[in-house]
Amino acid sequence: MCGIVGYIGNKEAYPILIKGLHRLEYRGYDSAGVALISEDGDLKIYKSRGKVAELERIMQSKDTGGHVGIAHTRWATHGEPNDINAHPHYSESRNLAIIHNGIIENYALLKEALQANGYTFKSDTDSEVIVQLIEYIQNTNRCSLPEAVRRALRELVGAYAIAIIEKGNKTRIIAARKSSPLVVGIGQGEFFLASDATPIVEHTDKVVYLNNDEIADISLDHGLRIFDIDNNESDIDIKQLQLSISELEKGGYPHFMLKEIFEQPKTITDAIRGRVNVEMTNVVLSGVIDNKEIFINAKRIIIVACGTSWHAGLIGEYLIEDMCRIPVEVEYASEFRYRNPVINKGDIVIAISQSGETADTLAAVELAKSKGAFIFGICNVVGSSIARATDSGAYIHVGPEIGVASTKAFTGQVTVLMMLALTLGHHKGTISQEFYLDKIKHLCQLSEQIADILQLDNQIADLAKIFTYARNFLYLGRGYNYPAALEGALKLKEISYIHAEGYPIAEMKHGPIALIDSEMPTVVIATTDKIYEKTISNIQEIKARGGKIIAIINPDDNIVRKIADYIIEIPRTCEHLSPVLASVPLQLLAYYIAVYKGRDVDRPRNLAKSVTVE
Ligand code: F6R
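Counting of residues starts from 1 at the beginning of each chain's written sequence and follows it residue by residue. Whole-chain, interface and lining totals are the exception, using all residues; otherwise, since this is a predicted model, local features are given only for residues with pLDDT of at least 70 and side-chain atom pairs are given and counted only at 80 or more. Just so you know, side-chain values use all the structure's heavy atoms and leave hydrogens and water out.

(A) Layout of helix α18 (residues 532-544). Helix and strand assignments come from DSSP, with helices taken as H or I runs of at least 4 residues and strands as E runs of at least 2, each series counted from the N terminus. Between the first and last residue of a helix there are one fewer steps than residues, each counted as 1.5 Å, and that sum is the expected span. In this model, α18 (13 residues) spans 18 Å end to end at C-alpha, consistent with the 18 Å of a helix rising 1.5 Å per residue. A simple rule labels every residue: compare its accessible area, found with a 1.4 Å probe on the protein chains alone, to the largest value its type can have, and call it buried under 20%, exposed over 50%, or partly exposed in between. Regarding α18, the residues found buried are Tyr-532, Thr-535, Ile-536, Asn-538, Ile-539 and Ile-542. In a view along the axis of α18, the buried residues occupy a sector of 165°, so they form one face of it. Turned more than 90 degrees away from the buried face of α18, the exposed residues are Glu-533 and Ala-544. This arc is built from the directions going out from the helix axis to the C-beta atoms.

This is the structure:
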């Protein structure tokens, strides 16, 4: 949510900043801006409503010279997405410029106090308050910029990742973070700054992840120094990036989302690699094995997550209860953190997050930790805040997910949850050896089966064309496929803006069936599992009311294929892994409907990939 990028060194800053903004655009695209210190020390800000491309267009006629700069791509919180509210923001004297990701909760009080001292505000943002406060402290205390930043941060309530540059100062950027991510890249006589490592990787593979309440004083004179809010200097912990540039590019696909859907045969293999042995007789999730006693003795598991990750969590509940006989609750992180939940010492909290930065999930982790729970993370982004806040965990290893709609992360999360349940069930003795081996076999078939489903690309694109007219959609599934139906509906609504609801199919009779008419397409996941017969009856009920059915079926189906209006045939797997396969055609269906409706698939309106605000 908002992307920030900074550069200081001997190269021209602008090209690095603008490329960095493109990499971070998935975090927000309401407006974009850049602040540069020119060769003569002047501080200039250029900004504009709209996407980074719009800023780039404006910059064609501007002086882009300078070796130090900061830039921002915004997801609006306070103040509408217009030119004025775009970042960076100047301080009163225009000596300082700031970019900010996060929310300052006490901004109104601070603003009033600053206004009483003669400060005038140009924007409606909470962010402008920070830069004004820093300048006020600089002036009233006659202190250095890093000291003024440190003192200002002590006054702020909320979340921030900020970077500040100062007129006349060509050698320094000050940055700080609390609850919003920030990474410093270390090059040869140059430094980079960004919300995540994606703008940095093509320049250096050495990075430092700032911790909460840390301030980075980045200077060409003394290098990188990090202080906490009490002015204690911290050690510099340099990490090596494991990221390649090709993973950040579209690779010939029209959209990142389509690329990421098509990557799934590989990402599933990557998620399994090193965890299932070549003989397919053993699965080991080391985060579980290293904490075997804690897992085996767990009285309860609570899964916390948001959005698509929450859907994966629902499947996790079914898997763990079925195979490990441990009660599982799945909670929206945003609800969990504010409702005084009962958390006992023997509880395990599993936090699922692709980005590892979702503010609500991170807060839920911190709450559970403070109450003594053992925290296990299932994240994608290595070194992310949630991954670092947990006691143990398992990465899903699906590579950067850039399309705002989550696809390969979902299938990776379910795959890891399956491996977790199998590892634990096996060690706990709650599953038979035969069951264990059978499920490992199915796990290892997933990748090829997804490759087969992707062959249906053209068929699904044709089907999508038929349904671009629809204003509403229903997605129905049962058992393990109920969360897959929820996920299918979420995919469609977020990228096509068509209203879609997911339901457990048997719930239809309790209300939603009233919606059915010939205008309402219904997607039913009707795989031939143990509740297949029941699903057939539910489909008949919809057909009897004139509804149009798109059914996801298995090759051995010979009933639903005759009743449904359209079918998509996917390979058969065990019920536990069925949602992984069923979700792939639903991703494609949503993708093509959105494309035919002319939507901006990778950057749907009002959304951002990494939700670092509440
Ligand atoms: C939907 C989607 C979101 C995220 C949610 C949680 O396609 O991407 O619903 O799943 O914002 O994000 P993470 O997994 O990064 O915590």
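(B) Representation of the packing of helix α17 (residues 481-496) against helix α20 (residues 578-596) within the structure. α20 packs onto α17 with a crossing angle of 15° between their chain directions and a minimal axis gap of 9 Å. The orientation of α17 relative to α20 falls into the category roughly parallel. Along this stretch, α17 crosses α20, giving a crossing that reads as right-handed. Along its contact with α17, which presents Asn-481, Ala-484, Gly-488, Lys-491, Leu-492, Ile-495 and Ser-496, the element α20 presents Ser-578, Pro-579, Ala-582, Leu-586, Ala-590, Tyr-591, Ile-593 and Ala-594. Each axis is a line fitted through C-alpha atoms, taken for helices only over the stretch in contact, and angles between the N-to-C directions span 0 to 180 degrees. Oblique is the label for any angle not covered by the other classes, which are roughly parallel (under 35 degrees), roughly antiparallel (over 145) and roughly perpendicular (65 to 115). Whether a crossing is left-handed or right-handed is set by the direction in which the near helix is turned from the far one by less than a right angle, anticlockwise for left-handed and clockwise for right-handed. Contacts between residues were defined by any pair of non-hydrogen atoms, one from each residue, lying within 4.5 Å.

(C) Representation of helix α5 (residues 145-153) within the structure. For α5, the tally of buried residues reaches eight of nine residues, placing the bulk of the element in the interior. Restricting attention to buried positions, one finds in α5 the residues Leu-145, Pro-146, Glu-147, Ala-148, Val-149, Arg-150, Ala-152 and Leu-153. Buried residues along α5 sit against β6 (96-101), α4 (127-141), β7 (160-166), β8 (172-178), β12 (214-219) and β13 (223-228).

(D) Summary view of the side chain of Asn-554. By the element assignment, Asn-554 lies in the loop between β24 (548-553) and α19 (560-563). A polar side-chain atom of Asn-554 sits 3.0 Å from the main-chain amide nitrogen of Thr-528. In this structure, Asn-554 is in contact with Thr-527, Thr-528, Arg-561, Glu-569, Ile-570, Pro-571 and Arg-572, ignoring residues within four places of it in sequence. Distance and chemistry together define a polar contact, namely a pair of N or O atoms within 3.5 Å, with one atom able to donate a hydrogen and the other to accept it when in protein, and with adjacent residues in sequence counting only for side-chain atoms on both sides.

(E) Region of the structure containing the site of the ligand. Working definition: residue near molecule or strand if any one of its non-hydrogen atoms lies within 4 Å of it. The environment of the ligand is formed by 15 residues, the closest being Ser-309, Ser-353, Ser-355, Thr-358 and Glu-494. In the model, an oxygen atom of the ligand is placed 3.3 Å from a nitrogen or oxygen of the Val-404 main chain. Here an oxygen atom of the ligand and a backbone polar atom of Ser-406 are 2.9 Å apart. Accessible surface area values rest on a Shrake-Rupley calculation with a 1.4 Å probe, where residue burial reflects the displayed protein chains alone. For the ligand, whose accessible area on its own is 400 Å², the fraction buried by protein is 90%. Within the residue set of the shell around the ligand, elements represented by two or more residues are α10 (307-324) and α17. Under this grouping Gly is polar, as are all residues other than the nonpolar Ala, Val, Leu, Ile, Met, Phe, Trp, Tyr, Cys and Pro and the charged Asp, Glu, Lys and Arg. Looking at the shell around the ligand residue by residue, the classes come out as five nonpolar, eight polar and two charged.

(F) Spatial organisation of the environment of Ala-108. Residue position: Ala-108 is located in helix α3 (residues 107-116). On the accessibility criterion, Ala-108 (44% relative accessible area) is partly exposed. Each C-alpha atom, one on Ala-108 and one on Asn-141, is 23 Å from the other, the two residues being 33 residues apart in sequence.

(G) Representation of the sheet that holds strand β2 (residues 31-37) in the model. Taken together, the eight strands give an open sheet; going across it, the order is β3-β2-β4-β1-β10-β9-β11-β15, and neighbouring strands pair in antiparallel fashion. Edge strands, defined here as strands with exactly one partner in the open sheet, are β3 (43-49) and β15 (239-240). Note: β2 against strand β4 (residues 68-74), seven bridges, orientation antiparallel. Within β4, the residue paired with Ser-31 across the bridge is Arg-74. In the packing of helix α1 (residues 13-24) onto the sheet, the strands contacted are β1 (3-8), β2, β4 and β10 (191-194), and the crossing angle to β1 comes to about 160°. Of the strands in this sheet, β2, β3 and β4 touch helix α2 (residues 52-59), which is tilted by about 130° from β3. Here, strands pair whenever DSSP counts at least two bridges between them.

(H) Main features of the environment of Gly-372. Within the secondary structure layout, Gly-372 lies in the loop between α12 (359-370) and β19 (374-379). Taking the C-alpha atoms as reference, Gly-372 lies 6.9 Å from Asn-344; in sequence the two are 28 residues apart.

(I) Local environment of the sheet that holds strand β18 (residues 347-353). Spatially, five strands are ordered β17-β16-β18-β19-β20 in an open sheet, and the strand pairing comes out parallel. With partners counted over all chains shown, the strands left at the sheet margins are β17 (328-332) and β20 (392-395), one partner each. Each strand of the sheet is rotated relative to its neighbour by a mean of 20°, with strand direction disregarded. Both β18 and β19 contribute to a ladder of six bridges, which runs parallel. What sits directly across from Ser-353, in β19, is Cys-379. α12 contacts β16 (300-305), β18 and β19 of the sheet and is inclined by roughly 165° relative to β18.

(J) Quick peek at a negative patch on the surface. Residues enter a patch when their relative accessible area is above 30% and they make no salt bridge; the linking distance is 9 Å between like charges and 5 Å between nonpolar side chains (Val, Leu, Ile, Met, Phe, Trp, Tyr). We define a salt bridge as a contact between a side-chain nitrogen of Lys or Arg and a carboxyl oxygen of Asp or Glu at a distance within 4 Å. Asp and Glu are treated as the negative residues and Lys and Arg as the positive ones, with His and the ends of the chain left uncounted. For this purpose, a charge sits on NZ of Lys, CZ of Arg, CG of Asp or CD of Glu. Taken together, the side chains of Glu-12, Glu-39, Asp-40 and Asp-63 make up a negatively charged region of the molecular surface. By secondary structure assignment, the location of Glu-39 is in the loop between β2 and β3.

(K) Broad picture of the pattern of salt bridges. One pass over the structure, following the stated rule, counts 33 salt bridges. The residue Lys-266 makes a salt bridge to Asp-270 at a minimum N-O spacing of 2.7 Å. With Lys-266 and Asp-270 both in helix α7 (residues 264-272) and four residues apart, this pair spans about one turn of that helix. Under the relative-accessibility criterion, Lys-266 is labelled exposed at 54%. For Lys-509, the salt bridge goes to Glu-541, with nearest N and O atoms at 3.8 Å. Of the two residues, Lys-509 sits in the loop between β22 (499-504) and β23 (521-525) while Glu-541 sits in helix α18, which places them 32 residues apart along the sequence.

(L) Here's a closer look at the packing of aromatic side chains. In this analysis, rings of Phe, Tyr and Trp, with Trp reduced to its six-membered ring, are considered paired at centre separations within 6.5 Å, and the interplanar angle assigns stacked below 30 degrees, edge-to-face beyond 60, and tilted for intermediate values. Taken as a whole and judged by the stated rule, the model has 13 aromatic pairs. Consider the rings of Phe-295 and Phe-376, whose centres lie 5.4 Å apart with planes at 90°: the pair is edge-to-face. On the criterion of sequence distance, the pair formed by Phe-295 in helix α9 (residues 292-296) and Phe-376 in strand β19 is long-range, its members being 81 residues apart. Phe-376 carries the same exposure label as Phe-295, and that label is buried. Residues Phe-467 and Tyr-566 carry aromatic rings whose centres are separated by 5.5 Å and whose planes lie at 85° to one another, so their mutual orientation is edge-to-face. Here Tyr-566 lies in strand β25 (residues 566-569) and Phe-467 lies in the loop between α16 (457-466) and β21 (472-477), a separation of 99 residues in the sequence. For Tyr-566, a relative accessible area of 25% puts it in the partly exposed group.

No statement about biological role is implied by the geometric values presented.
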